[in-house]
Amino acid sequence: MNRLNKCYESLRKKTDFTPKIGIVLGSGLGGYGDKLNAETSVLYSELEDFPVSTAPGHMGRFIFAHVDGVPTVVMQGRVHYYEGYSMQEVVMPIRLMKLMGIEILFLTNASGGIQDGMKAGDFMLLEDQISCFAPSPLIGENLDGLGVRFPDMSKIYDEELRKLIAETAAKDGIDLKRGVYAQLTGPQFESPAEIRMLKTMGADAVGMSTACEAIAARHAGVRVCGVSCISNLAAGLGGLLSSEDVNETADRVGGTFETLVKDSIKAFAAAGEI
Ligand code: HPA
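Rules and cut-offs
- Residues numbered from 1 in each chain as written.
- Predicted model: local features only at pLDDT ≥ 70, side-chain atom pairs only at ≥ 80, totals over all residues.
- Heavy atoms only, no water.
- Helix = DSSP H or I, 4+ residues; strand = E, 2+ residues; numbered from the N terminus.
- Rg over C-alpha atoms; globule rule 2.2 N^0.38 Å.
- Buried < 20%, exposed > 50% of the residue type's maximum accessible area, 1.4 Å probe, protein only.
- Contact = heavy atoms within 4.5 Å.
- Areas by Shrake-Rupley, 256 points an atom, 1.4 Å probe, with all protein chains shown as cover.
- Lys, Arg positive; Asp, Glu negative; His and termini not counted.
- Charge placed at Lys NZ, Arg CZ, Asp CG, Glu CD.
- Pairing = 2+ DSSP bridges.
- Near = heavy atom within 4 Å.
- Polar contact = N/O pair within 3.5 Å; in protein donor to acceptor, adjacent residues only side chain to side chain.
- Arc of directions from axis to C-beta.
- Patch = residues over 30% accessible without salt bridge, like charges linked within 9 Å, V, L, I, M, F, W, Y side chains within 5 Å.
- Salt bridge = Lys/Arg side-chain N within 4 Å of Asp/Glu carboxyl O.

**Focus: the overall build of the protein**
Along its length, the protein carries nine helices and nine strands. Taking 274 residues into account, the globule formula puts the C-alpha radius of gyration at 19 Å, and the protein, at 17 Å, falls close to it. Principal-axis analysis of the C-alpha atoms gives the protein an extent of 50 × 40 × 35 Å. Within the protein, buried positions represent 56% of all 274 residues. The contacts in the protein between residues at least 6 apart in sequence include a share of 83% that link residues at least 24 apart. Approximately 11300 Å² of the protein is accessible, and the part contributed by carbon and sulfur atoms is 50%. For the protein, the separation between the mean place of its 26 positive charges and that of its 35 negative charges on side chains is 3 Å.

**Focus on the pairing of strand S6 (residues 123-130)**
Judged by how many residues are buried, S6 sits mostly within the fold: six of eight residues are covered. When S6 meets strand S7 (residues 176-183), the two strands line up parallel, connected through seven bridges. Bridge pairing in S7 places Leu126 opposite Gly179. Bridging between S6 and strand S9 (residues 223-233) involves three bridges; their strand directions are antiparallel. Across the sheet, residue Phe123 finds its bridge partner in S9, namely Cys229.

**Side note on the site of the ligand**
Around the ligand sit Ala110, Ser111, Gly112, Phe189, Glu190, Val206, Gly207, Met208, Ser231, Asn232, Leu241 and Val246, and those are all the residues in its vicinity. Within the backbone of Ala110, an N or O atom sits 3.3 Å from a nitrogen atom of the ligand. The contact in question runs from a nitrogen atom of the ligand to an N or O atom on the backbone of Gly112, over 3.4 Å. For the ligand, whose free accessible area comes to 260 Å², the fraction covered by protein is 95%.

**Here's the deal with the environment of Thr18**
Locating Thr18 in the fold gives a position in the loop between helix H1 (3-12) and strand S1 (21-25). Apart from residues lying up to four places away in sequence, Thr18 is in contact with Arg12, Pro71 and Met100.

**Describing H1**
Since the α-helix turns once every 3.6 residues, residues separated by three or four places project in the same direction. Of the positions making up H1, those classed as buried are Leu4, Cys7, Ser10 and Leu11. Within H1, the buried residues cover an arc of 130 degrees as seen down the axis, which keeps them to one side. Where H1 is buried, its residues contact strand S2 (38-43), strand S3 (61-67) and helix H4 (92-100). At the N-terminal boundary of H1, the capping side chain belongs to Asn2, with an oxygen 3.1 Å from the backbone nitrogen of Leu4.

**Some points on a negative patch on the surface**
There is a patch of like negative charges on the surface, built from Glu244, Asp245, Glu248 and Asp251. Looking at the element boundaries, Asp245 is found in helix H8 (residues 243-252). Judged by its relative accessible area of 40%, Asp245 is partly exposed.

Set out below in structure tokens:
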């Protein structure tokens, strides 16, 4: 039996909850998980052979709850490539959520803002991504049971879901930027020259996660949407960078972020998307 199936079996010994939507909470945004009316939760460390996050600001558990009636699994904490895991390990939680039953994946993260006019505390709706500075999570033997060898990535971020998130933000009076997210490996923050390069290439925000997860989800036929919290201006565009500042900003705007996620899920349900 492969590792993914082993993890799945070990999860199913803990809960038979069948989520329709999966949410990944990024740096500093994990507080949302604590406010959910959790039906049950499972620590990553309780799952056989599951990669466990070591990043600061990242807890490690799946929380199962109904969000506005929608059965939801929330990942409080993710694993990152810079922690030393392989890309296949990094996306294992995404694949596990697919096996649990999710049809939609809502990705969140903290990122450095590159787009002109951005400021710390803004939110950006992910419209597309640049993932080619990190290895693909699909390298290696293809998991035919999940998806095809050469999956299309023309429309990673679901148009209908994006529209609903944008409408929700407008209704809630939340200013929502839009743009392209670039994933670099980290763990060091970028140099100003790298940020100039990324800007030239069309990136609006930069971070160390998310794009690989979106690829794994699309490979497995899961619809994907995502919102980034601009926790700081990218290197060379503001002050010096620190993970404390990243978490501080994400904490500060956490409440607004929670509103946006919760109301977006409500909008997905009202529109019959879920
Ligand atoms: N760069 C990379 N990752 C990040 C940043 C950044 O500026 N801010 C939050 N995560």
